[in-house]
Amino acid sequence: MRILVLIPARGGSKRIPGKNIRLLGGNPLITWSINVAKSVPEICDTLVSTDSDEIAEIARNAGATVPWLRPSELATDSAPSTDVCLHALEWYENNNGKIDGLLLLQPTSPFRSRDSILRGIEIFRLNKHCSVIGVSEAESHPMWCFKIEEGNMRPFIKGDGLYMRSQDLPSAYVINGSFYLISPKNLQEYRSFFKNDMVPLVIDALEECIDIDTERDWRLAEEVLKKNALRIATP
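Since we're looking at a predicted model, the values are computed, not measured. (Residues numbered from 1 in each chain as written. Predicted model: local features only at pLDDT ≥ 70, side-chain atom pairs only at ≥ 80, totals over all residues. Heavy atoms only, no water.)

Chemist: In this structure, what is going on with the overall build of the protein? I would like to understand it.
Modeler: On a plain count of helices and strands, the protein comes out with 6 helices and 10 strands. The buried share of the protein, taken over its 235 residues, is 46%. Residue pairs in contact within the protein that sit at least 24 positions apart in sequence constitute 73% of those at least 6 positions apart. Split by element, the accessible area of the protein, about 12700 Å² in all, is 49% carbon and sulfur. Between the mean site of the 27 positive side-chain charges and the mean site of the 31 negative ones, the protein shows a separation of 1 Å. (Helix = DSSP H or I, 4+ residues; strand = E, 2+ residues; numbered from the N terminus. Buried < 20%, exposed > 50% of the residue type's maximum accessible area, 1.4 Å probe, protein only. Contact = heavy atoms within 4.5 Å. Areas by Shrake-Rupley, 256 points an atom, 1.4 Å probe, with all protein chains shown as cover. Lys, Arg positive; Asp, Glu negative; His and termini not counted. Charge placed at Lys NZ, Arg CZ, Asp CG, Glu CD.)

So, in structure tokens, the structure goes:
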């Protein structure tokens, strides 16, 4: 099986300036994802899509393929991530042959493990190349969530969930941002990783579910590194 990893890494980051190359545990953030991808035999290549010369140089030095800088129309805040994926997929298959799956690894999930990637690829294989999405159990159950309408609280989901004990609630999961795998055919047809037959890759380890989007998230990642220094493999 040939799996292409795509790591999207724009140069602009408003909440955390220079996030993708900021040092985490002494290494640029993007190198965490590059290095874990390099350790998986089914991955034929790791392609970084970026609009930044600095990110491109760091990614190449870490062993990733960076054949071009991303076109400007795909480097804006409003550019759909699917278009970025399709652009990279078209180039790669035209120049390196067909692949079985495109695996999107966001650099903001630095602690995803090799074992989780291998599990996700195996789920992909067993389910005939459907869409596999990384999820984690929700911290706040949707049946206990509210919306505010005209100053009043209304249950976000109608039903009797508010009156159920926490242990009686059905399990609920959220997308954690660490793993998206789909076949080229399905990505091209649906222009999305989300389709009716998508299958979960359930990830229980809390550190793997960290998605760095704010300074608070960054501080949490640094704390996790301190506490798990012997368990988390650094690049």
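Now that the structure has been shown, the text picks up again.
Chemist: Honestly, the nonpolar core in this entry has me stumped. Any pointers?
Modeler: Side chains of a nonpolar character, in soluble globular proteins, are inclined to be buried together. Core analysis: the biggest nonpolar cluster contains 32 residues, and Ile-34, Ile-43, Val-48, Leu-103, Ile-117, Val-132 and Leu-181 have the highest contact counts within it. Every element with two or more residues in this core is listed here: strand 1 (3-8), helix 1 (29-38), strand 4 (43-49), helix 2 (53-61), helix 4 (114-126), strand 9 (173-182) and strand 10 (199-202). Setting aside its immediate chain neighbours within four residues, Ile-117 contacts Val-36, Val-40, Ile-43, Leu-103, Leu-105, Arg-112 and Phe-179. Of all hydrophobic cores here, the second largest spans 18 residues; its members include Leu-4, Ile-133, Ile-182 and Phe-193. (Core = buried A, V, L, I, M, F, W, Y, C linked by side-chain atoms within 4.5 Å.)

Chemist: Would you mind going over the pattern of salt bridges with me for this structure?
Modeler: Charged atoms that come close allow side chains of opposite charge to pair. Applying the stated rule across the entire model yields 12 salt bridges. Where Arg-10 meets Asp-77, a salt bridge forms, and the shortest distance between an N and an O atom there is 2.7 Å. Linking Arg-10 in the loop between strand 1 and strand 2 (23-24) with Asp-77 in the loop between helix 2 and helix 3 (81-96), this pair joins segments that are 67 residues apart in sequence. On the accessibility criterion, Asp-77 (52% relative accessible area) is exposed. Because the salt bridges share partners, they merge into one network encompassing Arg-10, Lys-14 and Asp-77. (Salt bridge = Lys/Arg side-chain N within 4 Å of Asp/Glu carboxyl O.)

Chemist: Is there a simple way to explain the pairing of strand 10 in this structure?
Modeler: Consecutive side chains of a regular strand alternate in pointing toward one face of the sheet and then the other. The two faces of strand 10 differ: Val-199 and Leu-201 on one face are buried, but Pro-200 and Val-202 on the other face are not. Two elements, strand 6 (residues 132-137) and strand 10, share 4 bridges in a ladder whose sense is parallel. In the sheet register, Val-132 faces strand 10, and the bridge partner there is Val-199. (Pairing = 2+ DSSP bridges.)

Chemist: What should I look at first to understand unusual backbone geometry in this one?
Modeler: With the exception of glycine, most residues fall at negative phi, and the peptide bonds are largely trans. Look at Lys-128: it is not a glycine, yet its phi comes out positive at around 55°. Inspection of the secondary structure assignment puts Lys-128 in the loop between helix 4 and strand 6. Judged by relative accessible area, which is 75%, Lys-128 ranks as exposed. You will see that His-129, though not glycine, has its phi angle at about 65°, which is positive. Its location among the elements puts His-129 in the loop between helix 4 and strand 6. Of the residues examined, His-129 reaches a relative accessible area of 25% and is grouped as partly exposed.

Chemist: Quick question: what am I supposed to make of the packing of aromatic side chains here?
Modeler: Aromatic ring pairs are reported here in terms of the distance separating the ring centres and the angle at which the planes meet. Tallying each qualifying case throughout the model produces 5 aromatic pairs. Taking 5.4 Å as the distance between ring centres and 80° as the angle between the ring planes, the aromatic pair formed by Trp-32 and Phe-111 counts as edge-to-face. One end of the pair, Trp-32, is in helix 1; the other, Phe-111, is in the loop between strand 5 (101-104) and helix 4, and 79 residues separate them in sequence. Of the two residues, Trp-32 and Phe-111, both sit in the buried class. Members of the aromatic cluster, each reached through a chain of ring pairs, are Trp-68, Trp-91 and Tyr-92. (Phe/Tyr/Trp six-rings, centres within 6.5 Å; stacked < 30°, edge-to-face > 60°.)

Chemist: Could you clarify how one ought to interpret the environment of Asp-77 in this entry?
Modeler: It is 8.6 Å that separates the C-alpha atoms of Asp-77 and Gly-12, two residues lying 65 residues apart in sequence. Those residues in contact with Asp-77, other than ones at most four positions away along the chain, are Arg-10 and Lys-14. Engagement of the side chain of Asp-77 in a polar contact is seen with the side chain of Arg-10, the distance being 2.7 Å. (Polar contact = N/O pair within 3.5 Å; in protein donor to acceptor, adjacent residues only side chain to side chain.)

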